[in-house]
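So you can see what is in the structure, the chains are spelled out below.
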Amino acid sequence: MKILSIAWKDLKIFFKEPGYLIYLIVLPLVFILLFTTLFSASIGSTSDTNKISLVVVNLDSGGEQAEQLLKGLEATGTIQVIPSTLEKTQSDFRDTRITQYLTIPENFSQNIAVGKKVEVTLTALDTFSMSVQTLRMSTYGVVNDMLLERSILQSLEQFAAMQSALPSENRLYDPEMLTAQAKSQFISSKERPLVDVKVEVPQTSKTSEEDFSMVQFSVPGFTVLFAFLVSQATARSIYDEKKNGSFRRLMAAPLSKLQLLGGKLLPNFLVVIFQILVIFFTSTVLLSWLGMDRLSLGQSPLTLAAISIMLALCSTSLGILIAAIAKTEAQIGGVSALFLWLMGFLGGTMVPLDVMSSPMLNTISKFIPHSYAVGAYKDVLTLGAGFNTVLPALGVLLGFSVLFFAIGLWRFDFD
Amino acid sequence: MPHILEVENMVKKYGEFEAVKGVSFDVEEGEVFGLLGPNGAGKTTTISMITGLFPPTSGTARIDGHDILKEPLLVKQMNGLVPQDLALYPTLSARANLQFFGRVYGLSGKKLKENVEDVLRVVSLTERADQTIEKYSGGMKRRVNIAAGLVHQPRLLFLDEPTVGVDPQSRNHIFESVQRLNRERGMTIIYTSHYMEEVELLCNRVAIIDQGKLIALDTIKNLVAMLGGGVLRIGVRHADDHLLAALSQLPSVKNASLLQSVAQPNPEVQTPDLLHTLPAVIKIETQNSQQALIHVINYLEDQNIALLSLDILENNLESVFLHLTGKQLRE
Ligand SMILES: Nc1ncnc2c1ncn2[C@@H]1O[C@H](COP(=O)(O)OP(=O)(O)OP(=O)(O)O)[C@@H](O)[C@H]1O
Ligand SMILES: [Mg+2]
């Protein structure tokens, strides 16, 4: 009861302070919106009204199949084909004047004609953007439709040839035979597609099959970053309590240390949970109202809840640690904020760790709780992982929480 | 009367520095007990140990027979503390502050509501109770600060210099409240101050504490009576042993001595200007200040010694303190 009274009082003070609300609730939303809109804009517009421009290097110029592919791409209505030469395209791409282009290889038409497997290449700066995914799917679709069309034509021709050999009274276009023939062609083209669309990312030479959008990255990152920033508010609240003298009253009151600390820490936990709910609600519901990519929640909401609870716990115990260690106004304010933002950066909340791709930074991130929380969220949100996959990360977060709490309690100054 | 508080040889050390050097005293149930001493004497430190803010380096105290170190939660429930500095949540209203402190002492529901309204009446802040503390005047903040120590109706109330920096109106109001709480509700009050007038007005008994030591403990009446008939302070251009001996011989004079320790280096302690500008100030303790005054003036006239200044200190706690320490309290 007394724990709840203290927590309730602190929440009242917290929500009366517009600064906190902006810092801990509004700011993460602003960051997520900015990252989601700015980054998808720089990578390529995904909006429906604008066509995606696609520079195409046709090395099979004059080839019948190549021409047909280009027409097919235009016909999708979402792609605007811009033909170009290989040299110019490569230099444009190097200088990032264009972010993606399609290459049709030499002998494209010829190889298709003789049934040889061919490959068109979609070269892109990265595979994160929706536009690259859209292009890949469209190209794939067009190529295969084209082939299907071709197969059917081929079979009709074969059939015609067969028929012409027969006496004229027997020349029947038997629909059953026709369909069977078409079907078998269709199935074989699906099973062994002759044309494959390869996505190439030159810098990292990685190909990715994930359907990735910026919101899937920015939400876990900023959720974790700002969840840990709440511990600064907790340390601040304990500091204020000591500074304005009310801590003396609490010490003079019949409260056990457990009740006193519990009451001071519970709000941290609740604020983080509230923060996460607001961020996830905004990212799933509000973003789609705004016509932006919405967050996909993955397969297991319960696992998300478990991660969030561990995250809140870890942030809370970091709160008592900061309160115990930081003694001055500057340490509580600027220094701990700097420290938390730095931890956030090193823990991969702002730039993904694999993008940083530095062995040293990756080693450092292993000692930072943020990286485990971000990783677990991403596993569930983007890869559709379940509880068992993130269990090790949850364990590590629990370990950090216990460690922070123990040191915090040991160093805490009740005077 | 039973002792509601027994303080037993309490010591507090901050590193090498001994802020409280073994203080012992008893407080009877229902009295207003004064703890008087200059800045830095150790009053707040003593009260803080008794109310359990931090443990004493050695010694202990008992409240209603319960050891504060062994049964802290039980004892704390009986105490009310009004800290020297404001100890409130500035962004919450007075009522919200009081409700919170009530809850911390285990009050809830109707009882909580009643007690909060009651203490708001005691400090006359019912009308403005829903305003945030930030917007209050200094005196009003002080009154809420007192109210916050009263919500749970403690048996024993510790008031640590409740009138520091308070306008005369609020000050009188605080005095009245203290007297009413004591008379009407039988609350035992431990009142800390370095204003001797306050202690004289409010308290039955007083403990005088200086440099961490208890130097006197009695009723005010007894302490003053111990001094006899008051003190004269005269300023002369030159004082020597001969003059001091002659003054001491005069009728109604108990003792005359050169006052030296008055000009303290501590800038916070205001010393009257005359002590700096005059070459010599002599303190004359008397059996009867009126009669002694006549004899002193006659003697100085006979001897052709110019009287540069004259103070008559009727006996009070100030002169008790002066007598005991050779120093003045503040003011
Ligand atoms: N936390 C501390 N660390 C070191 N010394 C301290 C500490 N708190 C108090 N002191 C010292 O202990 C002595 C007693 O302080 P205390 O606050 O008890 O005095 P006080 O009688 O209440 O004075 P005042 O009338 O100014 O409130 C002072 O010399 C003070 O400097
Ligand atoms: Mg004090």
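Here the structure is shown first, and the text comes after it.
These notes cover the structure that comes with them.

The rules behind each value
Residues numbered from 1 in each chain as written. Chains lettered and ligands numbered in written order. Predicted model: local features only at pLDDT ≥ 70, side-chain atom pairs only at ≥ 80, totals over all residues. Heavy atoms only, no water. Pairing = 2+ DSSP bridges. Helix = DSSP H or I, 4+ residues; strand = E, 2+ residues; numbered from the N terminus. Axes fitted to C-alpha atoms, helices over the stretch in contact; angles between N-to-C directions. Contact = heavy atoms within 4.5 Å. Buried < 20%, exposed > 50% of the residue type's maximum accessible area, 1.4 Å probe, protein only. Patch = residues over 30% accessible without salt bridge, like charges linked within 9 Å, V, L, I, M, F, W, Y side chains within 5 Å. Areas by Shrake-Rupley, 256 points an atom, 1.4 Å probe, with all protein chains shown as cover. Salt bridge = Lys/Arg side-chain N within 4 Å of Asp/Glu carboxyl O. Donors = N, O, S within 2.8 Å, 3.2 Å for Na, K, Ca; no water. Buried area = accessible area lost by both parts, 1.4 Å probe.

**Observations regarding the sheet that holds strand E9 (residues 205-210) of chain B**
All names here are of chain B.
- Ordered by their spatial adjacency, six strands build an open sheet running E6-E7-E8-E3-E9-E10, and the pairing between neighbours is mixed. Looking at the sheet topology across the chains shown, the edges are occupied by strand E6 (79-82) and strand E10 (213-219). The mean angle between the axes of side-by-side strands here comes to 15 degrees, regardless of whether they run parallel or antiparallel.
- In this sheet, E9 lies alongside strand E3 (residues 32-36) in parallel orientation, the contact comprising four bridges. Paired with Leu 36 across the bridge in E9 is Ile 208.
- Packed on one face of the sheet, helix H12 (residues 317-325) meets E3, E9 and E10 and runs near 40 degrees to E9.

**Details of the pairing of strand E13 (residues 280-286) of chain B**
Residue and element names in this part refer to chain B.
- Most of E13 is tucked away, with seven of its seven residues classed as buried.
- Where burial is concerned, the two faces of E13 agree: the one with Ala 280, Ile 282, Ile 284 and Thr 286 and the one with Val 281, Lys 283 and Glu 285 are both buried.
- Bridging between strand E11 (residues 231-236) and E13 involves six bridges; their strand directions are antiparallel. Of the residues in E13, the one forming a bridge with Ile 234 is Ile 282.
- Summarising the sheet, strand E12 (residues 253-258) and E13 pair through five bridges and their orientation is antiparallel. Paired with Ala 256 across the two strands is Ile 284, which belongs to E13.

**Comments concerning a nonpolar patch on the surface**
All names here are of chain A.
- Taken together, the side chains of Ile 22, Val 26, Val 30, Leu 34 and Leu 38 present a nonpolar region at the surface, about 420 Å² in accessible area.
- Position of Val 26 relative to the elements: it lies in helix H2 (residues 18-43).
- For Val 26, a relative accessible area of 40% corresponds to the partly exposed category.

**Focus: the coordination of the magnesium ion (ligand 2)**
Residues and elements named next belong to chain B.
- Bound to the magnesium ion (ligand 2) are the protein donor atoms Thr 44 (OG1) and Gln 84 (OE1), situated 1.8 to 2.1 Å from the metal. Residue Thr 44 is found in helix H1 (residues 43-50), and its partner Gln 84 is found in the loop between E6 and helix H3 (94-104); the two are separated by 40 residues along the sequence.
- The class of Gln 84 is partly exposed, set by a relative accessible area of 25%.

**Re the interface of chain B and chain A**
- Counting from both sides, the interface comprises 30 residues of chain B and, opposite them, 21 residues of chain A.
- Interface area, chain B with chain A, both sides summed: about 2,200 Å², of which 63% is carbon and sulfur.
- When the area that chain B buries against chain A is broken down by residue, the three leading residues are Leu 53, Tyr 89 and Val 104 of chain B, summing to 26%.
- Between the two partners, chain B and chain A, sit zero salt bridges.

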